[in-house]
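Listed below are the residues making up each chain.
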Amino acid sequence: MSIQKSRLSVEKIDENFVDLHAPLNLLQAEQEAARCLFCHDAPCVDACPTGIDIPGFIRKISSGNLNGAATTILEENIMGGTCATVCPVEELCEQVCVKNTSEQKPVVIGQLQRFATDHLFAQAKQPFQRAPDSGKHIAVIGAGPAGLSCAHRLAMLGHQVSVFESRPKAGGLNEYGLAAYKMNDQRAAKEVEFILGIGGIEIEYEKSLGKDISLDKLRQQFDAVFIGLGHTAVNALGLDNEAADGVYNAVDYIEDIRQQDLSSLPVGRDVVVIGGGNTAIDIAVQIKKLGAENVSMVYRRGLKAMGATEYEQEIAQTNGVVIRTQGKPVAIHAADGKLSAVEFEYTQTDSNGRLVGTGENFSLPADQLFKAIGQSFDSQPLSDSEGPQIVAGRIQVDEQQRTSLNNVWAGGDCTTGADLTVEAVNDGKLAALSIHEYLK
Amino acid sequence: MADLSCKIAGVTSPNPFWLASAPPTDKQYNVERAFEAGWGGVVWKTLGEAGPPVVNVSSRYGSVDYNGQRMIGFNNIELITDRPLQVNLDEIAAVKKAWPDRAMVVSLMVPCNEQAWKEILQRVEQTGCDAVELNFGCPHGMSERGMGAAVGQVPEYIRDVTGWCKTYTDLPVFVKLTPNISDIRQPARAAHEGGADAVSLINTINSIVSVDLDIMAPMPTVAGKGAHGGYCGPAVRPIALSMVSEIARDAQTQNLPISGIGGINHWHDAAEFIALGCGSVQVCTAAMRYGYRIIDDLVDGLNNWMDSKGYNSIEDFRGAAIPNVTDWQHLDLNYETIASIDEDKCIECGLCHIVCEDTSHQAIRASKDSDGKRSYTVIDDECVGCNLCELVCPVPDCISMVEVENGKPYLNWGGHPNNPMRGG
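Conventions adopted
Residues numbered from 1 in each chain as written. Chains lettered and ligands numbered in written order. Predicted model: local features only at pLDDT ≥ 70, side-chain atom pairs only at ≥ 80, totals over all residues. Heavy atoms only, no water. Helix = DSSP H or I, 4+ residues; strand = E, 2+ residues; numbered from the N terminus. Rg over C-alpha atoms; globule rule 2.2 N^0.38 Å. Buried < 20%, exposed > 50% of the residue type's maximum accessible area, 1.4 Å probe, protein only. Contact = heavy atoms within 4.5 Å. Buried area = accessible area lost by both parts, 1.4 Å probe. Salt bridge = Lys/Arg side-chain N within 4 Å of Asp/Glu carboxyl O. Polar contact = N/O pair within 3.5 Å; in protein donor to acceptor, adjacent residues only side chain to side chain. Nonpolar A, V, L, I, M, F, W, Y, C, P; charged D, E, K, R; others polar. Core = buried A, V, L, I, M, F, W, Y, C linked by side-chain atoms within 4.5 Å. Arc of directions from axis to C-beta. Patch = residues over 30% accessible without salt bridge, like charges linked within 9 Å, V, L, I, M, F, W, Y side chains within 5 Å. Areas by Shrake-Rupley, 256 points an atom, 1.4 Å probe, with all protein chains shown as cover. Pairing = 2+ DSSP bridges. Axes fitted to C-alpha atoms, helices over the stretch in contact; angles between N-to-C directions.

Quick word on the overall build of chain A
Argument step 1. In terms of regular secondary structure, chain A is built from 17 helices and 17 strands.
Argument step 2. A compact globule built from 440 residues would reach a C-alpha radius of gyration of about 22 Å, and chain A, at 23 Å, matches this within 12%.
Argument step 3. Seen through its principal axes, chain A has C-alpha atoms that stretch 65 × 55 × 50 Å.
Argument step 4. With 440 residues in all, chain A has 52% of them scored as buried.
Argument step 5. If you take every contact in chain A between residues at least 6 apart in sequence, the share linking residues at least 24 apart comes to 72%.

Printed below as a string of structure tokens:
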């Protein structure tokens, strides 16, 4: 059997899917916090999309004020718990830590952030209080990082919030899309519970925009609307046999990893992943952890051009994934409707910087192929209503996350900007502050 | 290889590192382990009168931890030896016999009457020890019984007891001084007047190292209560160095040998005490923190440093820093330095700016370019040369204090125009 379930024992799979980084213990956290210089006008704060007072929370860890540290984090980033493990800290806060210069090793800000937030969550404490009821009611579309961040801040400011979520669970990509080894132990669900703990937020599950609700109606019924739709469409290769058995969208499979029994998932022997972003890394690493024998990740450009950070590339490599570059897919070969191989053409960059094929091909045997070549925002659900202006496939917003419609804000992956959890959280926060001003 | 041998008040040892009178020197077992490790000498834990020994409490120690480091400061509420006098005396004799080249000094503390001192000295002499050290410093417990610091805080008592000891023994007499006084020169002078052969300082400082905020009691806690204890460890070293220097440059005591004590952790700490005139140094906290094996680096490090400086013996640099310790009034008010920041070394932490801006002279300007690169510039006219920025900078040699060649002559406060008493 080329594709089969339970290639590895349950115990081995569990062992493979433990946390990428074990949580720091108290002693480690104290020692690491002591390394922080408590910089003034710290570069790490500038590098954090949500502007967390990083030296401030680390100093609170040093003093043993762990709930205070967590509150400092969460007051800027209500999903500070998730971001602690999924943020690409190597190109955000930790990249600019001054200790890189003096000691070639940054303070491990992400792990300290997890230490502080875990401490608070373990006590199920909600550190924030709601302002007196404003009498205003806001609709939020999508219970992902952007939507929940917006909802929490609005609730803090005294507003009532109704969140419409198309899926049966809240959390968005935190629940359905992030790598399992970064989000163990139902952390996404626990975080949602924590966020809702402030009160004033109601989630209506399995309510899809364009089917069960429409933007026009929400704008009439509510004082303001926030759109946090995320990516809803997956890019295709445009090759024959894309529907063959064994060909998957990486995001769909990752969702199965997060939602289903790991030993029930089909795992190939020879696996090919196409793409160079973090999703490609996530699927390649996880299919390897599930027991695939040969996993090749093929990217059409060179390593430097990859969307995945160097650190993520290393995770793939240390997990036994072979990263191949300069190869663009040209054919999917199938026999009897089943995938058999993927063929690539070698590429190079010409003198004008364009990627061109060399005319030389190579073929990788494959019983499983994962497409991780990007996702996009699908504006179809807005088509039954007066829609916000869309530019380059995304909803256009200003610096306060306002759309072209007067009482509609948007944020997260459906708007322009980096597709990071932390960016989505910040969008939601900024939108909530703007909505609050608007409703005054 | 330099010669580390030391001779102070007639006592010799192969190196200047002695273990101070404290738990590490409480019995033969410990002291022999210390000598095997290479310690030059010990001051045996303080002996009291014959009769029932003192009783100690549980627990006994408290610590000041800082930024993940244990025992930056340390205190104790332990008393003198709680073993029978004869047991200690027999062990002292046995150790001295087995280790004749090591300094064996015996610490003593008995009630403040001549007969008590006479009796103990007669018994101690029989051990073959090299010297006695009078414990006039212990700040807790024994002082409540009229001994230890209760004697050390009254110069007349120090003089009288020292005099009795000089009368009843030919052994060199070291007087161990308490820092829990306002002017260390007074007890040092009293010891000198009484005929002391040397002084040892500092003993521990009155302290409460911390308050347990759950049980609302000082640490260490004994059945829910605590008492002040004796503070020592690296945190007290500056106080010890200052007191040593006061005695070393006092006209009456400048030739009085000093055994330096107080937070010695590394060889360079010891070198500083010796540079201020000490003939030997005593260590306790560092040994209690790491064990006796620290002697290896103490000896080796001092030796290597002396070689690098061309010092062949302890005497070559002993007291070398004393002439440069002066009173504030003699400092040159025309001497100027200003901070200089090496931008190539700067890691952009901003600490120099914020501490100067908030707490000093607003002499370091912070700026940030469009790429977020931060730079810090000293405003020469505002800089008073206080050193604060240099001290907080985490990068060695990034900020240096540069002398300003102002061509002005030496001018101290005595001659300064702002001084109303000038020339008066």
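A few points about the interface of chain B and chain A
Argument step 1. Listed per partner, the contact involves 13 residues of chain B and 13 residues of chain A.
Argument step 2. For the pair chain B and chain A, the summed buried surface comes to about 1100 Å²; carbon and sulfur atoms form 56% of the total.
Argument step 3. For the pair chain B and chain A, the interface holds four salt bridges.
Argument step 4. Its salt-bridge partner being aspartate 41 of chain A, residue lysine 368 of chain B comes within 3.2 Å of it at the nearest N-O pair.
Argument step 5. On the surface where chain B and chain A come into contact, there are five residue pairs in polar contact (both at pLDDT 80 or more).
Argument step 6. Elements with a contribution of two residues or more to the side of chain B that touches chain A: helix H12 (351-359) and strand S19 (374-378) of chain B.
Argument step 7. No other element matches the three residues that H12 of chain B contributes to the side of chain B that touches chain A.
Argument step 8. By residue class, the composition of the side of chain B that touches chain A is six nonpolar, four polar and three charged.

What about the nonpolar core?
Argument step 1. Ranked by internal contacts, the top residues of the largest apolar core, which has 85 residues, are Ile54, Phe57, Ile61 and Ile435 of chain A.
Argument step 2. Ignoring anything within four residues of it in the chain, the contact list for isoleucine 435 of chain A reads Ile138, Cys150, Leu154, Ala224, Phe226 and Trp409 of chain A.
Argument step 3. Among the nonpolar cores identified, the runner-up in size contains 78 residues, and Leu89, Val244, Ile264 and Val281 of chain B belong to it.

Some remarks on the pattern of salt bridges
Residue and element names in this part refer to chain B.
Argument step 1. Scanning the entire structure with this criterion turns up 42 salt bridges over all chains.
Argument step 2. Between arginine 102 and aspartate 101 there is a salt bridge, with its nearest N and O atoms 3.2 Å apart.
Argument step 3. We classify aspartate 101 as partly exposed; its relative accessible area is 42%.
Argument step 4. With a shortest N-O distance of 2.8 Å, lysine 166 and aspartate 197 are connected by a salt bridge.

Some remarks on helix H14 (residues 250-259) of chain A
Residues and elements named next belong to chain A.
Argument step 1. Considered for burial, the residues of H14 that qualify are Ala250, Tyr253, Ile254, Ile257 and Arg258. For H14, the angular spread of the buried residues around the axis is 145°, confining them to a single face.
Argument step 2. Buried residues in H14 make contact with helix H11 (173-176), helix H12 (187-196), strand S6 (247-249), helix H15 (278-289) and strand S13 (368-371).

Details of the environment of isoleucine 261 of chain B
Argument step 1. Within the element layout of this structure, isoleucine 261 of chain B appears in strand S15 (residues 258-261).
Argument step 2. What isoleucine 261 of chain B contacts, discounting residues up to four positions off in sequence, is Lys176, Ser200, Leu201, Ile202, Ala240, Phe273 and Gln282 of chain B.

Here we look at H12 of chain A
Argument step 1. Within the sequence span of H12 of chain A, burial applies to Arg187, Ala188, Glu191, Val192, Phe194 and Ile195 of chain A. In a view along the axis of H12 of chain A, the buried residues occupy a sector of 160°, so they form one face of it.

Focus on a nonpolar patch on the surface
Residue and element names in this part refer to chain B.
Argument step 1. On the surface, Ile208, Val211, Leu213 and Met216 cluster together into a nonpolar patch covering about 440 Å² of accessible area.
Argument step 2. Relative to the assigned elements, leucine 213 resides in the loop between strand S12 (210-212) and strand S13 (217-219).
Argument step 3. For leucine 213, a relative accessible area of 64% translates into the label exposed.

Considerations on the sheet that holds strand S1 (residues 137-141) of chain A
Strand pairs in the sheet, formed through backbone hydrogen bonds, run parallel or antiparallel to each other.
Residue and element names in this part refer to chain A.
Argument step 1. Across the sheet, which stays open at both edges, the five strands sit in the order S3-S2-S1-S4-S17 with parallel pairing between neighbours. Here the strands that pair on one side only, and so sit at the sheet edges, are strand S3 (201-205) and strand S17 (408-410). Pairs of neighbouring strands in the sheet enclose a mean axial angle of 20°, with direction left out of account.
Argument step 2. As paired strands, strand S2 (residues 160-165) and S3 are joined by five bridges and run parallel to one another. Bridge pairing links phenylalanine 164 to glutamate 204 in S3.

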